[in-house]
Amino acid sequence: MTAVVVLRLPLDRDLSGFIALLQRLRVPHRVSEEGGEQVLWVPGQELAEQVRELYARHPQGDDAGELPPSVAPVRESFATQLRSSPVTALMLLTTFIVFAVTLAGENFSTIRWLSFVDFRLDGEHIYLTYLDATLGSGQWWRLITPMLIHFGWLHLAMNSLWYWELGRRIEFRQGAIGLLGLTLLFGLASNFAQYWWAGPSLFGGLSGVLYGLLGHCWIYQRLAPNAAYRLPSGVLVMMLAWLLICMTGIFELLQFGAIANAAHVGGLLTGCLTGLLGGMLARRSA
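Here is what the cut-offs are and how they apply
- Each chain has its residues counted from 1, running along the sequence as written.
- Given that the model is predicted, a residue must reach a pLDDT of at least 70 before its local features are reported, and side-chain atom pairs must reach 80 or more before they are shown or counted; all residues, however, enter totals for whole chains, interfaces and linings.
- Derived side-chain values reflect all non-hydrogen atoms in the structure, with water molecules and hydrogen atoms excluded from consideration.
- We count a stretch as a helix when DSSP gives it H or I for four or more residues in a row; a strand needs E for two or more, and each element gets its number in order from the N terminus.
- Residue contacts are counted whenever heavy atoms from the two residues lie within 4.5 Å of one another.
- His is not counted, nor are the chain ends; Lys and Arg add positive charge and Asp and Glu add negative charge.
- Taken as the charge location is NZ of Lys, CZ of Arg, CG of Asp or CD of Glu.
- Relative accessibility thresholds used throughout: buried, under 20% of the residue-type maximum; exposed, over 50%; partly exposed, between the two (1.4 Å probe, protein chains only).

As for the overall build of the chain
A count of helical and extended segments in the chain gives 11 helices and 5 strands. Its C-alpha atoms give the chain principal-axis dimensions of roughly 70 × 40 × 35 Å. Restricting the contact set of the chain to residue pairs at least 6 apart, pairs at least 24 apart contribute 71%. On the chain, the mean spot of the 19 positive side-chain charges and the mean spot of the 20 negative ones are 4 Å from each other.

Examining unusual backbone geometry
Positioned with a positive phi, L103 is a non-glycine residue whose angle comes to about 55°. Of note, L103 is situated in the loop between α4 (86-101) and α5 (108-111). Of the residues examined, L103 reaches a relative accessible area of 53% and is grouped as exposed. The phi angle at A104 is positive, at roughly 60°, despite the residue not being glycine.

Points about the environment of G181
Mapped onto the fold, G181 is located in helix α7 (residues 153-198). Separated by 17 residues in the primary sequence, G181 and A198 have C-alpha atoms spaced 26 Å apart.

Any functional reading would require information that these geometric values do not contain.
Structure representation (structure tokens):
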């Protein structure tokens, strides 16, 4: 269905209340910035007319009970969400394929080709090489590929769900190339941070990237408010609290496995930096 412009408003006009109203009513929509204006889009001309009427009555997103009659709000199907977020979908598909090939993190003969540094197994012992030796052999892909490795179903499920949520927001706001670039940057930064802190070790997962995406949305939204990056306050508090809990070492003490805390912190700090730069540029262009 073709997207139709509903409203064109100045950037200083606060649309947050009305956007929250559309979300409560499950009206599919998106907001973009074009020519120094914020533009509200919905699928279809008929729905656009209904939303214009709704805005005329409730511009601040007051407690409106329902849309004007005749058109019921429609939620985007999963297939539609996939088509509108190709990089998010491709990234998750690649992660699922790697998860299957590595047998949920149990196939070390495959994992050794994706880990940050090469290693060999001798019985129950693992012997890791140093980064300079790994890169000296031309294996540059290792700087990125650890983010695709996941150890167990819970590890995969949690990271996939958060990447789906945060990745789609950034892909919607800054485009497919923007999300791909940020994903690679955060993966690189978090991997280097973990290696710098812990030395040669076996680690993996998208969580460092996720903290980068979180930091990016957080700081960008503070400088250049927009609907796409407006996260519920509870999400930010929960993610930061989880980071602090992991840094206490409680999970290692309970023998749940080691947590790559340096990767999380490295990703978060890099994301805050890109959010700062992106938000400043967006604010200046506005």
